[in-house]
Amino acid sequence: KQFNSLFEKRALYEFKIGLDFEQFTKFRKQFSEKIDRASYFGRFARFKHPQRVLDLRKHLKGKIITEMRGLERSIGALDIYNHPDIIEVKKGQDIKQDCFDKTYVYGPYDRDEGMEEVSKSKFGCSFYELDARAYGNHVEFAMLEIVGLGLIPIFSKHWGDNTKHISGKPFSQVENSGIYLEFRKQDKVCTNIDEVCKKIIELNDNENLYNDYVDRCIEVYKQHSSTDVAFQDLQKTIGKIL
């Protein structure tokens, strides 16, 4: 292809986020220190679909606590804050999480405090979802933080099917890259939710299986998004176009 400008040529290259996974080691917990809990972790945004945690809760058979952390009380988030199946936790409020029939919802957090709390969970949710052509090979910071903290990720299957791992495979086809929840927009149904919840409970109840999954999962995302990999790619790209 002939390019009309340097800008047009640059626009064809994808920037990949790089993360230092070692920064999370101080937060990671042993299996025995973790709570049987799935946490949404990140700010409110419609394209992150935090409300799908409410769908998960209904199918987890009272075995896994669910929570959302980082949701500011914005107009967009009122559907969640006004939902009958949530317990809103105010800033500074000390509350025992012992209810499986509702989802605990927390507002914005200090980053280190938020990571410390979420690191106690066994599973982390982020349902980041865009138009298929908009993904590139991008893994969001909030998604990488879930992995880095040592949680098993529960991600959108649409994202996983349309985002390629550095190996060349879609993330959803890379072993130990996460559990993928599929959502059918036409009728607003999570089509594989029973299968997803069965897998969550299986991993939750088996320490060896869980720990092995976590270790392999961290390696999958380090291969793709560690700082040395991402910034070497960026350096090579800059060298080609300058």
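Residues numbered from 1 in each chain as written. Predicted model: local features only at pLDDT ≥ 70, side-chain atom pairs only at ≥ 80, totals over all residues. Heavy atoms only, no water.

1. Description of the packing of aromatic side chains
Between two aromatic rings, the relevant description is the distance of the centres plus the angle of the planes. Counting across every chain of the model gives nine aromatic pairs. Taking the centre distance of 6.0 Å and the plane angle of 85° together, the rings of phenylalanine 123 and tyrosine 210 count as edge-to-face. Of this pair, phenylalanine 123 sits in strand E5 (residues 121-126) while tyrosine 210 sits in helix H8 (residues 207-225), and the two are 87 residues apart along the sequence. Between phenylalanine 155 and tyrosine 221, the ring centres sit 6.4 Å apart and the planes meet at 85°, which makes this aromatic pair edge-to-face. (Phe/Tyr/Trp six-rings, centres within 6.5 Å; stacked < 30°, edge-to-face > 60°. Helix = DSSP H or I, 4+ residues; strand = E, 2+ residues; numbered from the N terminus.)

2. Let's talk about unusual backbone geometry
Positioned with a positive phi, histidine 49 is a non-glycine residue whose angle comes to about 50°. Of note, histidine 49 is situated in the loop between strand E1 (35-41) and helix H2 (52-59). Of note, lysine 61 is a non-glycine position whose phi angle comes to about 55°, a positive value.

3. Overview of H2
Taken together, the buried positions of H2 are occupied by Arg52, Val53, Leu54, Leu56 and Arg57. The first or second residue beyond H2 is lysine 61, which carries a positive phi of 55°. (Buried < 20%, exposed > 50% of the residue type's maximum accessible area, 1.4 Å probe, protein only.)

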